[in-house]
Amino acid sequence: MIPFSYSRASTLSDANLQLSAKIASSSFEKGEDKVQAEVQPIAGGTNLADLMKLNVMQPHELVDINQLRLQPDIKAVSSNEENLVLSAFATMSEIANNEIILRDYPMIAQSLQLAASQQIRNMATIGGNILQRTRCAYFRDISFSQCNKRSPGSGCAAITGDSRALAILGTSQDCIATHPGDFSQSMAALEATVTISGKNAKRTIPFSALHKMPGSSPNIETILQPDELIVSLNIPAKPWARRSIYLKIRDRASYAFALTSAAVALDISEGTIKNARIALGGVGTVPWRSIDAEQALKNKVPNDQNFKIAAEAAFKSAKTTEKNAFKLELGKQTLIRALTQVAAMEI
Ligand SMILES: Cc1cc2nc3c(=O)[nH]c(=O)nc-3n(C[C@H](O)[C@H](O)[C@H](O)COP(=O)(O)OP(=O)(O)OC[C@H]3O[C@@H](n4cnc5c(N)ncnc54)[C@H](O)[C@@H]3O)c2cc1C
Ligand code: SF4
């Protein structure tokens, strides 16, 4: 790990000011991604500190944003008839254990409860969770020279190497790394928006616009500017939110990332699916909302045959390698099982 300096921000505007002042005096060049910036905000540190120890990320300055959640005007969860608002500075545990989330948004609670370990969830924030970086083994080990995400233009060792855990949707010839998070899938499915704060202004964008697919520049992962902070996630209160689940399939029953997962919400009335919301985890380079699967279910009866049609639609653009080809069938079966379970829910 290289030496770095550390400061603590006490308010949101203090954090934005510190970040922008430090970035202005760093050698960061415009056009580079936030993740390459020499100045990084640090929340729980469970991903960033890990990558610093591995020398994958080498920021010179850290701005600690953990005090922000203690500000009296920042609530972990607030809700009204139209919206649920989650503070990005809240811990995964705070959100997972909140009674409104447990009752009205089971998918969100489950996507957090099934992630990492209790200790990590107590430390890690949801803002950090959606920005965590891939677990691709070649990315995390600097002794491998080929990794376009870590070292642009160097090639991709995973495509011909060990790609078992990697993506089959949204891949490119330059990177097939999976977005590793669980919670992001619930944000994608529930059509969240993200409020972002910079030095001079706030902006709100659809969650689906936050992450960038790898294309020819896998080193650029989000649309965030380096001095910007994610402040909140805003989820519209919709009729499908209560009938929702997050199903995660992994190598072991706890403390493992998803091989495949499905975040599924259905609005069923009079025996018909009025609307479906679906996102898939473990298979996409970014949180993967499947509008094709949603459309395949609209105004259909919730039954096995229609669930199979939706699963085929969800994976029709999949591209597999020899090592991760199993994810195609596993992903479809995960979605079918999630749809079956959510259709049977009593609400
Ligand atoms: C052993 C292990 C197992 C895990 N298993 C899972 C799992 O199964 N599922 C899962 O989803 N996750 C899993 N994780 C990942 C874990 O959930 C993340 O590390 C954690 O959520 C990151 O949150 P953090 O607050 O610690 O982020 P940090 O490490 O502090 O930050 C991560 C990144 O986000 C940036 N950042 C943080 N907050 C903000 C903000 N508000 N605005 C802008 N930028 C910000 C930081 O600059 C940094 O680049 C696991 C982690 C470990 C170590
Ligand atoms: S899949 Fe992406 S992160 Fe993994 S080695 Fe290839 S370029 Fe690097």
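Trainee: Please provide a residue-by-residue account of the packing of aromatic side chains, values included.
Mentor: Here the structure, examined in full by the defined rule, presents one aromatic pair. Centre to centre, the rings of Tyr-138 and Phe-144 are 4.8 Å apart; their planes meet at 75°, and the pair counts as edge-to-face. Note on Tyr-138: relative accessible area 13%, which makes it buried. We note Arg-277 situated over the ring of Trp-240; from NZ or CZ to the ring centre the distance is 4.2 Å.

Trainee: Let's hear about the site of ligand 1: which residues, and what values?
Mentor: Lining the immediate surroundings of ligand 1 are 32 residues, of which Pro-41, Gly-45, Thr-46, Thr-125 and Asp-182 lie closest. Within the backbone of Ile-230, one N or O atom sits 2.8 Å away from a nitrogen atom of ligand 1. For the shell around ligand 1, the elements supplying multiple residues, two or more each, are strand 2 (39–42), helix 7 (126–130) and strand 8 (229–236). For the shell around ligand 1, the residue count by class is 17 nonpolar, eleven polar and four charged.

Trainee: How would you sum up the sheet that holds strand 9 (residues 244–249)? Please name residues and give values.
Mentor: Strand order in the open sheet formed by four strands is 9-10-11-12, with antiparallel pairing between adjacent strands. Of all the strands in the sheet, just strand 9 and strand 12 (288–289) have a single pairing partner and so form its edges. Contacting strand 9 and strand 10 (260–269), helix 5 (residues 106–113) runs over the sheet at an angle of about 25° to strand 9.

Trainee: Now, about the nonpolar core: what can you tell me, with residues and values included?
Mentor: Grouped burial of nonpolar side chains is what soluble globular proteins tend to show. If you look at the biggest cluster of nonpolar residues, it comprises 39 residues, and the most contacted ones within it are Leu-86 and Ile-108. Among the elements of the structure, strand 5 (83–87), helix 3 (92–96), helix 5, helix 7, helix 10 (183–189), strand 6 (193–197), strand 8 and strand 10 are those that each provide at least two residues to this core. Beyond its immediate chain neighbours, meaning those up to four positions away, Ile-108 contacts Leu-84, Ile-95, Ile-101, Phe-183, Ser-186, Met-187, Leu-190 and Ile-235. One finds Ile-273, Leu-280, Ala-314 and Phe-315 within the second-largest nonpolar core, a separate group that totals 29 residues.

Trainee: Mind laying out the sheet that holds strand 4 (residues 77–79), listing which residues take part and the relevant values?
Mentor: Reading across from one edge, 4-5-8-6-7 is the order of the five strands in this open sheet, with antiparallel pairing throughout. What marks the edges here is a single partner per strand, and that holds for strand 4 and strand 7 (202–206). The sheet shows a mean angle of 20° between the axes of neighbouring strands, taken without regard to direction. In this sheet, strand 5 lies alongside strand 4 in antiparallel orientation, the contact comprising three bridges.

Trainee: Report on the pairing of strand 8, specifying residues and quantitative values.
Mentor: Across the eight residues that make up strand 8, a large majority, seven, are buried. Pairing analysis gives five bridges linking strand 5 to strand 8, with the strands arranged antiparallel. Residue pairing across strands places Asn-83 opposite Pro-236, the latter belonging to strand 8. For strand 6 and strand 8, the ladder comprises five bridges, and the chain directions are antiparallel. Opposite Ile-196, over in strand 8, you have Ile-230 as the bridge partner.

Trainee: Tell me about the site of ligand 2, residues and numbers included.
Mentor: Around ligand 2, a shell composed of 13 residues is seen, among which Cys-136, Cys-147, Cys-156, Cys-175 and Ile-176 lie nearest. Elements with a minimum of two residues in the shell around ligand 2: helix 8 (137–140) and helix 9 (157–160). Grouping the constituent residues of the shell around ligand 2 by class yields ten nonpolar, one polar and two charged.

Trainee: Tell me about the environment of Glu-221, and name the residues and values.
Mentor: Of note, Glu-221 is situated in the loop between strand 7 and strand 8. According to the relative accessible area criterion, Glu-221 is buried, its value standing at 11%. Spatially, the C-alpha atoms of Glu-221 and Thr-193 are 17 Å apart, while their sequence positions differ by 28 residues.

Trainee: Report on the environment of Gln-185, specifying residues and quantitative values.
Mentor: Here Gln-185 lies in helix 10. Classification of Gln-185 as buried rests on a relative accessible area of 1%. Sequence separation of Gln-185 and Asn-324 is 139 residues, and the distance between their C-alpha atoms is 20 Å. When sequence neighbours within four positions are dropped, the list of residues in contact with Gln-185 reads His-179, Tyr-246, Ser-261, Ala-263, Ala-279, Leu-280, Gly-281, Pro-287 and Trp-288.

Trainee: Describe the environment of Gly-127, and please don't skip the residues or the numbers.
Mentor: The residue Gly-127 is located in helix 7 in this model. When its relative accessible area of 9% is taken as the criterion, Gly-127 is described as buried. As for Gly-127 and Ile-245, which are separated by 118 residues in sequence, their C-alpha atoms are 21 Å apart.

Trainee: Outline the side chain of Ser-7, listing residues and values.
Mentor: Mapped onto the elements of the fold, Ser-7 is located in strand 1 (residues 5–8). Judged by relative accessible area, Ser-7 falls into the buried class, the value being 16%. In contact with Ser-7, not counting residues within four places along its chain, are Gln-18, Lys-22, Leu-62, Val-63 and Asp-64.

Trainee: Quick rundown of helix 12 (residues 304–314)? Include the residues and the values.
Mentor: Structurally, the α-helix is built with 3.6 residues per turn, so residues lying three or four positions apart point the same way. Along helix 12, the residues classified as buried are Asn-306, Phe-307, Ala-310, Ala-311, Ala-313 and Ala-314. Projected down its long axis, helix 12 carries its buried residues within an arc of 160°, all on one side. The exposed set on the far side of helix 12, more than 90 degrees from its buried face, consists of Asp-304 and Gln-305.

About the cut-offs
- Residues numbered from 1 in each chain as written.
- Chains lettered and ligands numbered in written order.
- Predicted model: local features only at pLDDT ≥ 70, side-chain atom pairs only at ≥ 80, totals over all residues.
- Heavy atoms only, no water.
- Phe/Tyr/Trp six-rings, centres within 6.5 Å; stacked < 30°, edge-to-face > 60°.
- Buried < 20%, exposed > 50% of the residue type's maximum accessible area, 1.4 Å probe, protein only.
- Lys NZ or Arg CZ within 6 Å of the ring centre and 35° of its normal.
- Near = heavy atom within 4 Å.
- Polar contact = N/O pair within 3.5 Å; in protein donor to acceptor, adjacent residues only side chain to side chain.
- Helix = DSSP H or I, 4+ residues; strand = E, 2+ residues; numbered from the N terminus.
- Nonpolar A, V, L, I, M, F, W, Y, C, P; charged D, E, K, R; others polar.
- Pairing = 2+ DSSP bridges.
- Contact = heavy atoms within 4.5 Å.
- Axes fitted to C-alpha atoms, helices over the stretch in contact; angles between N-to-C directions.
- Core = buried A, V, L, I, M, F, W, Y, C linked by side-chain atoms within 4.5 Å.
- Arc of directions from axis to C-beta.

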